[in-house]
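Each chain, written out:
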Amino acid sequence: IEILIEQSGKQNISCTGNVGYLIRDSINTVMNVIGHSDYSQELENTLVNINLPQSSVFKDGPSAGLAILVGIINQLLGHSDLVNHAFTGEISLSGKILPVGGIPEKVFGAYMHGISNIFLPSENHFDLSSIPNTIKESMNFHFVSHYEEIVEQLWTN
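A few points on the structure.

**Some details on the packing of helix α3 (residues 65–76) against helix α6 (residues 147–156)**
Where α3 meets α6, the closest approach of the two axes is 11 Å, and the angle between their N-to-C directions is 45°. If you check the angle between α3 and α6, you find them oblique. Classified by chirality, the crossing of α6 by α3 is right-handed. Along the contact surface, α3 presents L66, L69, V70, I73 and N74, while α6 presents Y147, I150, V151, L154 and W155. For the contact of α3 with α6, the per-class residue count stands at 9 nonpolar, 1 polar and no charged.

**Comments concerning the layout of surface pockets**
Quantified by volume, the largest pocket comes out at close to 1,100 Å³. Lining the largest pocket are 31 residues, and of these I1, A67, H85, A86 and F87 sit closest to its centre. Elements with a contribution of two residues or more to the lining of the largest pocket: β1 (2–7), α3, β4 (85–87), α4 (103–112) and β7 (117–121). With 5 residues, the single largest contributor to the lining of the largest pocket is α3. Counted by class, the lining of the largest pocket contains 17 nonpolar, 9 polar and 5 charged residues.

**Some points on the sheet that holds β4**
If you walk across this open sheet you meet the 3 strands as β4-β7-β8, and the pairing is parallel. Two strands in the sheet have a free side with no partner beyond their single neighbour: β4 and β8 (140–144). Taking the axes of each pair of neighbouring strands and ignoring which way they run, one obtains an average angle of 20° across the sheet. Of the strand pairs in this sheet, β4 and β7 are connected by 3 bridges, and their pairing is parallel. Paired with F87 across the two strands is F119, which belongs to β7.

**What to know about the pattern of salt bridges**
Under the criterion given, the structure shown has 1 salt bridge. In this structure, E123 and K96 form a salt bridge, with 3.6 Å as the shortest nitrogen-oxygen distance. With a gap of 27 residues between them, E123 in the loop between β7 and α5 (133–136) and K96 in the loop between β5 (90–91) and β6 (97–98) connect regions that are remote in the sequence. The exposure class assigned to E123 is partly exposed, which follows from its relative accessible area of 42%.

Procedures and definitions
Residues numbered from 1 in each chain as written. Predicted model: local features only at pLDDT ≥ 70, side-chain atom pairs only at ≥ 80, totals over all residues. Heavy atoms only, no water. Axes fitted to C-alpha atoms, helices over the stretch in contact; angles between N-to-C directions. Helix = DSSP H or I, 4+ residues; strand = E, 2+ residues; numbered from the N terminus. Parallel < 35°, antiparallel > 145°, perpendicular 65-115°, else oblique. Left-handed = near helix turned anticlockwise from the far one by under 90°. Contact = heavy atoms within 4.5 Å. Nonpolar A, V, L, I, M, F, W, Y, C, P; charged D, E, K, R; others polar. 1 Å grid on protein atoms, 1.4 Å probe; cavity = no way out; pocket = protein on both sides within 12 Å on 5 of 7 lines; lining within 4 Å. Points joined across faces, edges and corners; volume = space filled by probe spheres on them. Pairing = 2+ DSSP bridges. Salt bridge = Lys/Arg side-chain N within 4 Å of Asp/Glu carboxyl O. Buried < 20%, exposed > 50% of the residue type's maximum accessible area, 1.4 Å probe, protein only.

Following this line, the structure appears as structure tokens:
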């Protein structure tokens, strides 16, 4: 997920890539959560560009909300990319991180790309039992139940 935030005369959002309705719903939920958070001021008068590269691959599913939210907040705060971090989980309007499917596959994908810090929904903790110990030992798992826990871990510590 690529995110670019630009100052403009009004708040707007642009999404590019071959995305479906569930991803667009996730983006709208994320914008609502941020719009009602401590970051709402930074969001005013900005254009949020979200790109899901490899547009030939259709992307849809309720797992991207957390990654999109973290990416937008990261850009709003002016921090660098989180290249060694992976995030999965859907987000509710209250900011709660909801469980998702496919955790073993997502963890294995992160492992294959050399990512060692993974943020997962707290309710997906049991899914680690099906992941080989050799993979688990090389990664740091962070289980979260609300997006503010991630903000605290990444940017306030």
